[in-house]
Amino acid sequence: MSPKVSVLIATYNRSRFISRAIKSVLDQTYKDWELIIADDGSTDETEKVVRGFGQNEPRIKYLKGPHFGRIAKISNFGLKHAKGEYIAILDDDDHWCDPEKLNKQV
């Protein structure tokens, strides 16, 4: 069954920040989501950080692309894999402070 919401995080070399963004999705009270992390060819520890979360959470999908160098291209790369009825965008250096955000929006 497809999730209701596909959350997209496009990222590039944000290993220091992405954990907070991922945790804010995991903390949502609304649980019918998938998290797609589209990596624009990071050369830092971003993949290691994301895969650490993904070991315990099958709704997290990590996609490493080539380095496009443009957020629109890596976002579209990630969106091709989205299965949700709705799309939610979250920046890799941001977080959702309200755990009811998805619930309110859906």
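What you see is a predicted model, and the numbers here were worked out from it, not measured in a lab.

**Student:** How would you explain the pairing of strand E3 (residues 60-64) if you had to name every residue and give the values?
**Tutor:** With five bridges joining them, strand E2 (residues 33-39) and E3 adopt parallel strand pairing. Residue aspartate 39 lies in a different strand from E3, and its bridge partner there is lysine 64. Assessed by its sense of winding, the connection that carries the chain from E2 through helix H2 (residues 46-54) to E3 is right-handed.

**Student:** Tell me about the environment of proline 66, residues and numbers included.
**Tutor:** Looking at the element boundaries, proline 66 is found in the loop between E3 and helix H3 (71-79). On the basis of relative accessibility, which here comes to 49%, the residue proline 66 falls in the partly exposed class. Spatially, the C-alpha atoms of proline 66 and glycine 41 are 4.9 Å apart, while their sequence positions differ by 25 residues. If near-sequence neighbours (up to four positions away) are discounted, proline 66 is found in contact with Asp40 and Gly41.

**Student:** Requested: an account of the packing of aromatic side chains, with residues and values cited.
**Tutor:** Evaluated as defined, the whole model comprises one aromatic pair. The lysine or arginine in question, arginine 59, covers the ring of tryptophan 33, its NZ or CZ lying 3.7 Å from the ring centre. Its guanidinium or amino end placed over the ring of tryptophan 96, lysine 101 lies 4.8 Å from that ring's centre, counting from NZ or CZ.

**Student:** Could you give an account of the packing of helix H1 (residues 18-26) against H2, naming the residues involved and the relevant values?
**Tutor:** In a pair of packed helices, the angle between the axes and the distance between the axes together describe the arrangement. As a packed pair, H1 and H2 sit with axes 10 Å apart at the nearest point and diverge in direction by 20°. With respect to their mutual orientation, H1 and H2 come out roughly parallel. Of the two possible hands of crossing, H1 and H2 adopt the one that is right-handed. Contact with H1, carried on its side by Ile18, Ser19, Ile22, Lys23 and Leu26, involves Thr46, Val49, Val50 and Phe53 of H2 and no other residues of that element. Its residues placed into classes, the contact of H1 with H2 shows six nonpolar, two polar and one charged.

**Student:** For H3, give the residues involved together with the corresponding values.
**Tutor:** Residues of H3 that are buried include every one of Ile74, Ser75 and Gly78, and no others. When H3 is viewed along its axis, its buried side chains cluster within an angular range of 100° and face the same direction. Tucked into the core, H3 has its buried residues touching strand E1 (5-11), E2 and E3.

The rules behind the values
- Residues numbered from 1 in each chain as written.
- Predicted model: local features only at pLDDT ≥ 70, side-chain atom pairs only at ≥ 80, totals over all residues.
- Heavy atoms only, no water.
- Pairing = 2+ DSSP bridges.
- Helix = DSSP H or I, 4+ residues; strand = E, 2+ residues; numbered from the N terminus.
- Right-handed = clockwise from strand over helix to strand, strands pointing away.
- Buried < 20%, exposed > 50% of the residue type's maximum accessible area, 1.4 Å probe, protein only.
- Contact = heavy atoms within 4.5 Å.
- Phe/Tyr/Trp six-rings, centres within 6.5 Å; stacked < 30°, edge-to-face > 60°.
- Lys NZ or Arg CZ within 6 Å of the ring centre and 35° of its normal.
- Axes fitted to C-alpha atoms, helices over the stretch in contact; angles between N-to-C directions.
- Parallel < 35°, antiparallel > 145°, perpendicular 65-115°, else oblique.
- Left-handed = near helix turned anticlockwise from the far one by under 90°.
- Nonpolar A, V, L, I, M, F, W, Y, C, P; charged D, E, K, R; others polar.
- Arc of directions from axis to C-beta.

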